[in-house]
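If you want the building blocks of each chain, they are given just below.
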Amino acid sequence: MKTRKSIFGLLMITAVLFTANPFNNIALAKEKVCLNDTVLVYADDYRGEIRWQRSFNGSDWSYYNDNEGDTVVLIVSEPFFMRLEVLEGKCVSLYTDALSIEINAPPVLEIDLRDSACINERDFILTGGIPEGGSYFGTGVINGRFDPGSAGIGIHEIGYYYSDPETTCSDTIFGEIEVFPMTSDADAGEDIELIASDSVQLQAAVPDYGTGYWTIVSGEGGVFTDSSDPNSWFRKDTSNLNYVLRWSVEGPCGTSSDEISLNFMELSINPCPGAPVVIDQDGNIYKTIQIGDQCWMAENLRTGTYVASTVKSSIHSNLKDNGIIEKYCFENDTANCTLYGGLYDWHEAMGYSEDEGVQGVCP
C-alpha cells in the first residue's frame, strides 16, 4: 500500500503598485509556486483606497472576496493573476500591472522498499525511493538505514521525502517494511514406547511463530489425521511397528525440526475389544486374546523380583512373605522369565492368603 502526502512552505510575494503613471508599459511580474503552497500577496507604498482583483485568464477580472486590506493569503490550486484597483478621491480607478502566479507541479515519487526483515538482522541501507537523493524517516530509521531490532516486530511505515532542486517543490511517499520474529524451535514431544493400539495421539508443542507440520522419516504406510496439527493422531500400517516422525516449524526467519520415535506393540490376532493389553504393577505389558465371551492374557505372567531356586521341596524356603512379589526363572536363567514367564510358588502366587477370591499376584 502506498500513500502520498505533500509538505509545503510559505512563499512571500510582493505586488508592486505604481503611484505615478499606472499605465506605464511594464511587463507583467511572474512568480512560480508549488501546488497547494500558501501564498502571501501584499502591497506597499500606495495611497488611496485599494481593492484586490483576481483573474484566471488575465483579461476577465473579478473582485477577490471584497478584500480591502493590503494583504491577501491564499492556497494555490491553479494558475491565476492578481492586481489592485486603486481609488483616489473622485479620480477614475487605476490598476496595477498584474502579478502572474504560475504553478510548478510537485515531483512524481515512487518507492519500492524491501518488504520484510527478520528481527535479528543487522541494519541495512534503505533504497527504492525515486528520484534518488531524498531522505528516509520512520520507526527504526537512522541515517538512511533501517534497524529491525530497533523497530521491533510488526509492520512499520517508512517515509521518503524528496525536494526538487530546480523548483524547490517537494513531496513525500510512504511504504512498509514488516519485521518478523525468529521461528520457534520445534519440539516434537517425547518418544512413545509400547503403544498398545494401531494409533496414537502426538504431542508436539504449538509454535509461537511459524507453521508446523509432521512428516515420516522412517517407517512405511503410516498416516496422519492432520499433518499440520501438533496433536494429530498417527495410525500405523498393519505390518510396521517402528516409526520416526519429524515435526518441522517453518517461518519467514528460518526452519526448525525435531524428531520422535514410536514403538507399537505387536498385538495378538484376536485381542479383547477395549483391552488389547493389560499391564502389571512392574509395567510389563501383555497382549490379550478373546476366547468365546472371555478375555484371556495371551502371554505368561512375568511380574516380580527374581530369586534363585535352591530348595527342592514342595514349599520353597527361598521365598518369603515379605510384601515383595518374588518369582523363579526356569533353570535360574532370567532370560527364561522374559521368554516364558515367571515361576511362582503357590503361596507367593496367592499373596500368602487363603481367602476365597483373593487376587494374588495377577494384574
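Quantities reported herein were computed from a predicted structural model and do not represent experimental measurements.

### Some thoughts on the overall build of the protein chain
Inference 1: Across its full length, the protein chain holds three helices and 31 strands.
Inference 2: Burial analysis of the protein chain (363 residues in total) assigns 34% to the buried set.
Inference 3: In the protein chain, once contacts between residues fewer than 6 apart in sequence are set aside, the share between residues at least 24 apart is 54%.
Inference 4: Looking at the protein chain as shown, the accessible area adds up to about 21,400 Å², and 49% of this sits on carbon and sulfur atoms.

### Some points on a negative patch on the surface
Inference 1: Negative charge collects at one region of the surface, where Asp187, Glu190, Asp191 and Glu193 lie side by side.
Inference 2: Mapped onto the fold, Asp187 is located in the loop between strand E19 (170-180) and strand E20 (192-195).
Inference 3: Overall, the relative accessible area of 38% leaves Asp187 in the partly exposed class.

### What about the state of the cysteines?
Inference 1: Going through the model one piece at a time under the given rule, you end up with four disulfides.
Inference 2: Disulfide pairing places Cys272 opposite Cys295 at an S-S distance of 1.9 Å. A torsion of 110° about the S-S bond marks the disulfide between Cys272 and Cys295 as right-handed. In this pair, Cys272 is assigned in the loop between strand E26 (254-264) and strand E27 (277-279) and Cys295 in strand E29 (residues 294-297), connecting sequence segments 23 residues apart.
Inference 3: Relative accessible area serves as the criterion here: at 4%, Cys272 is assigned to the buried category.
Inference 4: Between the sulfur of Cys329 and that of Cys337 lies a disulfide, 1.8 Å long from S to S. Here the S-S torsion is close to -110°, and the disulfide linking Cys329 with Cys337 is therefore left-handed.
Inference 5: Here the protein chain pairs its bonded cysteines, counted in sequence order, in the arrangement 1-3, 2-4, 5-6, 7-8.

### A short note on the pairing of strand E25 (residues 242-251)
Inference 1: As paired strands, strand E22 (residues 211-218) and E25 are joined by seven bridges and run antiparallel to one another. Within E25, the residue paired with Tyr213 across the bridge is Ser248.
Inference 2: Of the strand pairs in this sheet, E25 and E26 are connected by ten bridges, and their pairing is antiparallel. Looking across to E26, one finds that Asn242 is bridged to Asn263.
Inference 3: As consecutive antiparallel partners, E25 and E26 are separated by two residues.

### Things to note about the pattern of salt bridges
Inference 1: For the coordinates displayed, the defined rule picks out six salt bridges.
Inference 2: Between Glu299 and Arg302 there is a salt bridge, and its shortest N-O distance comes to 3.5 Å.
Inference 3: You can call Glu299 partly exposed: its relative accessible area is 25%.

### Considering the packing of aromatic side chains
Inference 1: According to the stated counting rule, one finds eight aromatic pairs in the structure shown.
Inference 2: A connected cluster of aromatic rings, assembled from ring pairs, spans Trp214, Phe224, Phe234, Tyr243, Trp247 and Phe264.
Inference 3: Here the basic side chain of Arg51 rests over the ring of Tyr63, its NZ or CZ set 3.8 Å away from the ring centre.
Inference 4: For Arg83, the ring lying beneath its charged end belongs to Tyr95, and the centroid distance is 4.1 Å.

Calculation criteria
- Residues numbered from 1 in each chain as written.
- Predicted model: local features only at pLDDT ≥ 70, side-chain atom pairs only at ≥ 80, totals over all residues.
- Heavy atoms only, no water.
- Helix = DSSP H or I, 4+ residues; strand = E, 2+ residues; numbered from the N terminus.
- Buried < 20%, exposed > 50% of the residue type's maximum accessible area, 1.4 Å probe, protein only.
- Contact = heavy atoms within 4.5 Å.
- Areas by Shrake-Rupley, 256 points an atom, 1.4 Å probe, with all protein chains shown as cover.
- Patch = residues over 30% accessible without salt bridge, like charges linked within 9 Å, V, L, I, M, F, W, Y side chains within 5 Å.
- Salt bridge = Lys/Arg side-chain N within 4 Å of Asp/Glu carboxyl O.
- Lys, Arg positive; Asp, Glu negative; His and termini not counted.
- Charge placed at Lys NZ, Arg CZ, Asp CG, Glu CD.
- Disulfide = S-S within 2.5 Å.
- Pairing = 2+ DSSP bridges.
- Phe/Tyr/Trp six-rings, centres within 6.5 Å; stacked < 30°, edge-to-face > 60°.
- Lys NZ or Arg CZ within 6 Å of the ring centre and 35° of its normal.

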